[in-house]
Amino acid sequence: MNVLDSSIANVAIPAIAGDVGVSPSQGTWVITSFGVANAISVPLTGWLTRRFGAVRLFTMSVLLFVLTSWMCGFASSLEMLVVFRVLQGLVAGPMIPLSQTLLLASYPPAKAGTALALWGVTTLVAPVVGPLLGGWITDNISWPWIFYINVPVGLLSALLTWSIYRSRETPTQKLPIDSIGLALLVLWVGALQLMLDKGKELDWFASAEIVTLAVVAVVSLAVFIVWELTDAHPVVDLRLFKRRNFAAGSIALSIAYGVFFGNVVLLPLWLQQWLGYTSTSAGMALAPVGIFAILLTPLVGRKVSVWDPRIMATGAFVIFALVLWMRSHFTTDTDFNHILIPTLIQGGAMALFFIPLTTITLAGLGPDRIPAAAGLSNFVRITAGAMGTSIATTLWDNRAALHHAHLTEGLIQGQGVFGLTLQGLKAAGLSQEQALAQINRLIDQQAYTRAADDIFLASSFLFLSLIVLIWLTKRPARMPVAARKQRERTDGVGMAEPGWMEKRLFSDASVHHASLLSSRRRNTPNSLTTCASPRASAQANPLVQASRAAAVSPNASAALPRNFHATEYCGSSSTARCRCSRAAK
């Protein structure tokens, strides 16, 4: 429901803009406002979970999401709709990470991978169903119903969640929150997004309002960075950017996602405004993107610990570049099949995009830093997506104005092709003003098509340039064969046993540690002297950390036992013959 809501509105933007009396470019605020608010709320999920409990927080988030969806449908102006979308984005932040946490609590470790795979498929199906469903609802009912459909689904989800999980609530405790850092975060992100959204409308820095927003964004960002680097409990841990893999990986992931999402929003706008597509037909042109993504994602998930994820991510960027290069050749005469082919190919890039880059980004981090790193990476990525949408639509309008000027500079009224076309339209019964308006419409159609081609081509080269960032990272270590075999044996631990999640997560580290010990046994007089904490082994194995982050949601650490990071567990005593004792509570 959450992921669907981020894509279902894409094909409805022209209809929403026309209904509330704004331009389609202003209508994209419906998308960017949700994205920015969602990005801000994601890093707070861990604190909110510890404060209120995972089950209670998830249920309340779903109910508030239902309420804000209902309010979005009732909005009668763009201002009201944007406010309600901001509220919707804020309450939607905890839904995705907590859904993973509760899902893992419902299955034994042996089925955790299958459960997460099914969960992942739903996030891939949403980009397919979203445009189709949004287009059909917009054309056959009305655009408010793209929000109203969340109401029955959300109520049912909240009811089932509470009835199943209310007796499994996680422990709660009062923790300090970085209120100043949070306020600065909201201030600089909000000011920057407003500047990007309203810049074109207000002629950028010729407007005092844009200048003010730019100053506020820069100053608050500078203060935010200093504060977060010195605060004892930062809302986001900026020190993570000192690590090469995290810095390069998160930057590459965020910029790529911003470019990708900007183009995803731009394509249906161009199809509906200038090629005469309906919302339904535009949705059909976007839907095939999920076909290859659904088919290839399970394979990528299995092979990411075997193949080099940098090669996989490079392949994704090359495919994205190819797709956008193909789109840069679109014309006003391009038919539906030629529009469909790049969209279909793009699904393969999506499968190779998220999992390998997330693995690279989280590689080498200790278990105590994984939740903060995943939360910060998601924040930067979602924020980049919202800003990429604003930048793409702004550049589209600017390039269209440039091409319009180039196309009209050689036209002289009453002469040449322009004169013949004008006479032909007037002979067909149009007045002088109507004929000129029709000619201007034809010129605009060509100008906006060329502008879209420019953005597609620039995006293609940008994806190729991002490959450099990928190869600035270190390759995550492969999971040893012994570790993969031991995982199959440790998967027998049942969820009914206390601490099953703790044991399951540390078993990977233990078997990796044991495999290292076995290779040194001949040179070691006493194997007990080499028995170190499995946590040290986990920190030495980046793939264990990446897989652990995939198994536990970005902010799911609150759902684990309170002494989780102070506990040692050895699941391979028969191999290493090491004695591990639980740390003193």
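Note that the coordinates shown come from a computational prediction; the quantities given were computed from them, not determined experimentally.

Rules used throughout
- Residues numbered from 1 in each chain as written.
- Predicted model: local features only at pLDDT ≥ 70, side-chain atom pairs only at ≥ 80, totals over all residues.
- Heavy atoms only, no water.
- Helix = DSSP H or I, 4+ residues; strand = E, 2+ residues; numbered from the N terminus.
- Buried < 20%, exposed > 50% of the residue type's maximum accessible area, 1.4 Å probe, protein only.
- Contact = heavy atoms within 4.5 Å.
- Areas by Shrake-Rupley, 256 points an atom, 1.4 Å probe, with all protein chains shown as cover.
- Core = buried A, V, L, I, M, F, W, Y, C linked by side-chain atoms within 4.5 Å.
- Salt bridge = Lys/Arg side-chain N within 4 Å of Asp/Glu carboxyl O.
- Expected span 1.5 Å × (residues − 1).
- Axes fitted to C-alpha atoms, helices over the stretch in contact; angles between N-to-C directions.
- Parallel < 35°, antiparallel > 145°, perpendicular 65-115°, else oblique.
- Left-handed = near helix turned anticlockwise from the far one by under 90°.
- Nonpolar A, V, L, I, M, F, W, Y, C, P; charged D, E, K, R; others polar.
- Phe/Tyr/Trp six-rings, centres within 6.5 Å; stacked < 30°, edge-to-face > 60°.
- Patch = residues over 30% accessible without salt bridge, like charges linked within 9 Å, V, L, I, M, F, W, Y side chains within 5 Å.

**Student:** If you had to explain the overall build of the chain to someone new, which residues and values would you point to?
**Tutor:** For the chain, the helix and strand inventory stands at 27 helices and zero strands. Here the chain holds 585 residues, and the buried ones make up 53% of them. For the chain, the share of sequence-separated contacts (at least 6 apart) that also reach a separation of at least 24 residues comes to 82%. Of the accessible surface of the chain, which amounts to about 25400 Å², a share of 65% is contributed by carbon and sulfur atoms.

**Student:** So, the nonpolar core: which residues are in play, and what are the values?
**Tutor:** Core analysis: the largest hydrophobic core is formed by 70 residues, its most contacted members being Trp 270, Phe 317, Phe 353, Trp 396 and Phe 463. Looking at which element gives the most residues to this core, the answer is helix H14 (residues 244-274), with 14 residues. Those residues in contact with Phe 463 that sit more than four places away from it in its chain are Ala 256, Val 259, Phe 260, Phe 317, Phe 320, Ala 321 and Leu 324. In this structure, Leu 57, Phe 58, Leu 376 and Ala 386 belong to the second largest nonpolar core, which totals 38 residues.

**Student:** Talk me through the pattern of salt bridges; I want residue IDs and the actual numbers.
**Tutor:** Summed over the entire model, instances satisfying the criterion amount to five salt bridges. As a salt-bridge pair, Glu 169 and Arg 56 come within 3.9 Å of each other at their nearest N and O atoms. In this pair, Glu 169 sits in the loop between helix H11 (150-165) and helix H12 (179-198) while Arg 56 sits in helix H6 (residues 54-74), placing the two residues 113 residues apart along the sequence. With relative accessibility at 24%, the residue Glu 169 sits in the partly exposed group. With a relative accessible area of 42%, Arg 56 lands in the partly exposed category. Note that Asp 308 is salt-bridged to Arg 310, the shortest N-O span being 3.0 Å. Side by side, Asp 308 and Arg 310 carry an identical accessibility label, which is buried.

**Student:** Explain helix H4 (residues 29-41) residue by residue, including any values.
**Tutor:** For H4, spanning 13 residues, the distance from its first C-alpha to its last is 18 Å, which sits close to the expected 18 Å at 1.5 Å a residue. With 13 of its 13 residues buried, H4 lies for the most part within the structure.

**Student:** An account of the packing of H14 against helix H15 (residues 279-286) is requested, with residue identities and associated values reported.
**Tutor:** Put simply, H14 and H15 touch, their axes get as near as 9 Å, and they point 140° apart. As the angle between them shows, H14 and H15 are arranged oblique. Relative to H15, the crossing made by H14 is right-handed. Seen from H14, the contacting residues are Val 264, Leu 267, Pro 268, Leu 271 and Gln 272; seen from H15, they are Ser 279, Ala 282, Ala 285 and Leu 286. Looking at side-chain class alone, the contact of H14 with H15 contains seven nonpolar, two polar and no charged residues.

**Student:** Lay out the packing of aromatic side chains in plain terms, naming residues and giving numbers.
**Tutor:** Taken as a whole and judged by the stated rule, the model has 20 aromatic pairs. A centroid spacing of 6.3 Å and a plane angle of 90° characterise the contact between Trp 143 and Phe 147, whose relative ring orientation is edge-to-face. For Trp 143, a relative accessible area of 5% puts it in the buried group. Residue Phe 147 is classed as buried on the basis of its relative accessible area of 0%.

**Student:** Tell me about a nonpolar patch on the surface, and please be specific about residues and values.
**Tutor:** A grouping of Met 60, Leu 63, Leu 64, Leu 67, Trp 70, Phe 74 and Leu 155 is seen on the molecular surface, where their side chains present a nonpolar patch of about 640 Å² in accessible area. At six residues, H6 tops the list of elements feeding residues into the nonpolar patch. Here Leu 67 is to be found in helix H6.

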